[in-house]
Amino acid sequence: MIDIKQIREDFPILSRTVYDKPLVYLDNAATTQKPMCVLDAMREEYLNVNANVHRGVHWMSQQSTELHEAARETVRAFINAKSTTEIVFTRGTTEGLNLVAATFCEEFMHEGDEVIVSTMEHHSNIVPWQLQASKRGIVLKVIPMTDDGVLDMEAYRKMFTEKTKLVSVTHVSNVLGTVNPVKEMVSIAHEHGVPMMVDGAQSTPHFKVDVQDLDCDFFVFSGHKIYGPTGVGVLYGKEEWLDKLPPYQGGGEMIENVSFEKTTFERPPLKFEAGTPDYVATNGLAKAIDYVSAIGMDNIAAYERELTDYCMKRLSEVDGMRFFGTAPGKDAVVSFLVGNIHHFDMGTLLDRLGIAVRTGHHCAQPLMTRLGIQGTVRASFSFYNTKEEIDILTEGIKRVSRMF
């Protein structure tokens, strides 16, 4: 069970006011708020054991290194990877996607080779492949979707050729809330001998992820979307794939031995972690994972689905309401427009009522083109949100609508 009163006390920012109105924070798909345990852990480390990790012989460096590597184990257990060697710390989902795009294409792809993505991808899973297309002449193939935001699996099955080298698809759409059948998609890709990467930025905060069960080859997510600090994220890669990929950046931490004649590199994960990592942020991420794990990911999933269903029901009362993304089992996101009211106008006026929502194309312009719109208003939920807040959102939308 979710103890909302206790949980909200863990997030003091939720008690603040905006324009003399109680804050209603419904922009969790962009970033989540941070519980005090995360902030306390990071402050404690800076105050008491702040020292660069790895290779330091003094006590504080040893303590800092232990916290950093303990965080790697926390992540491993959270997503059920086989080994900590499969857990690479990054600056976030975007860097993880760019890392794989750059190194995989360098090692395995040539002109005319294909990468399969989907219509509903975030720009961070489109632009890195386009950069590689301009450099190497690779080809992007795009899985179409239905009007309600469901990927066309029959079309997907037919997209594979001998030139297909990788599939890279979002687990959950940041606009539509669609939960894609990635386990089935991985299985289909593997039937063709093709590895698959999953963008888990919008899934990891909301329900249990098991990378061994999914059998995906790569999986990425961000700390700041799962109640951890900004500037830290995770790339999971099967050990056999990380061994094959070349380094992404060069410098300290990722080297084994350097001479002017030749440099040899560490094995994963350090091979992909050039420079000083944000070791305080990795500790903060671990504390955030401990926090959600204590609540229970199944409890979080059930409660947030309840919130999503309730929001869809309440907003259906609004005249002129248009939803974007009505797939069965959609998760924690409701995107909409009301009549001819511009999304920016709606978001701006809701803000004056203390209601924080996201407006625009949500870094998914190709999806907007597919939907035939320029942008939406997006309300996205966390386990610290309440039905009362959804009621406030609904009444706020009705009030704004009357102004037009």
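Residues numbered from 1 in each chain as written. Predicted model: local features only at pLDDT ≥ 70, side-chain atom pairs only at ≥ 80, totals over all residues. Heavy atoms only, no water.

Enquirer: Sorry, what's going on with the sheet that holds strand β13 (residues 321-324) here?
Expert: Hydrogen bonds between backbone atoms are what pair the strands of a sheet, whose relative direction is either parallel or antiparallel. Reading across the sheet, the four strands line up as β13-β14-β17-β16 and stay open at both edges, with antiparallel pairing between neighbours. Edge positions in the sheet fall to β13 and β16 (358-360), since each has one partner strand and no second. Strand-to-strand, the axes of this sheet are offset by a mean angle of 30°, without reference to chain direction. Pairing of β16 with strand β17 (residues 376-380) involves three bridges; the strand directions are antiparallel. Looking at β17, one finds that Gly360 is bridged to Thr376. Along the sheet, helix α12 (residues 343-352) contacts β14 (333-338), β16 and β17; its crossing angle with β16, the most-contacted strand, is approximately 160°. (Pairing = 2+ DSSP bridges. Helix = DSSP H or I, 4+ residues; strand = E, 2+ residues; numbered from the N terminus. Axes fitted to C-alpha atoms, helices over the stretch in contact; angles between N-to-C directions. Contact = heavy atoms within 4.5 Å.)

Enquirer: Can you help me understand the pattern of salt bridges in this one?
Expert: Should the charged atoms of two oppositely charged side chains come close, the side chains can pair. In the structure shown here, the tally under the stated rule is 24 salt bridges. With its nearest N and O atoms 3.4 Å apart, the salt bridge here joins Glu114 to Lys141. Remark: Lys141 occurs in strand β6 (residues 139-143) and Glu114 occurs in strand β5 (residues 114-118); sequence separation between them is 27 residues. In this structure Glu114 comes out as buried when scored by relative accessible area, which is 11%. Lys238 is the salt-bridge partner of Asp215, the closest N and O atoms lying 2.8 Å from each other. One end of the pair, Asp215, is in the loop between α8 (211-214) and β9 (218-222); the other, Lys238, is in the loop between β10 (233-237) and α9 (239-244), with 23 residues separating them in the sequence. Counted as one network, the salt bridges with shared partners bring together Arg314, Glu317, Asp391, Glu395 and Lys398. (Salt bridge = Lys/Arg side-chain N within 4 Å of Asp/Glu carboxyl O. Buried < 20%, exposed > 50% of the residue type's maximum accessible area, 1.4 Å probe, protein only.)

Enquirer: Which parts of the structure should I look at to understand the environment of Asn80?
Expert: On the secondary structure map, Asn80 appears in the loop between α3 (59-79) and β4 (87-90). With 131 residues separating them in the primary sequence, Asn80 and Val211 have C-alpha atoms 6.1 Å apart. In contact with Asn80, other than residues within four places in its own chain, are Asp210, Val211 and Gln212. Reaching out from Asn80, the side chain makes a polar contact with the side chain of Asp210 at a distance of 3.0 Å. (Polar contact = N/O pair within 3.5 Å; in protein donor to acceptor, adjacent residues only side chain to side chain.)

Purely geometric numbers; function is a separate question.
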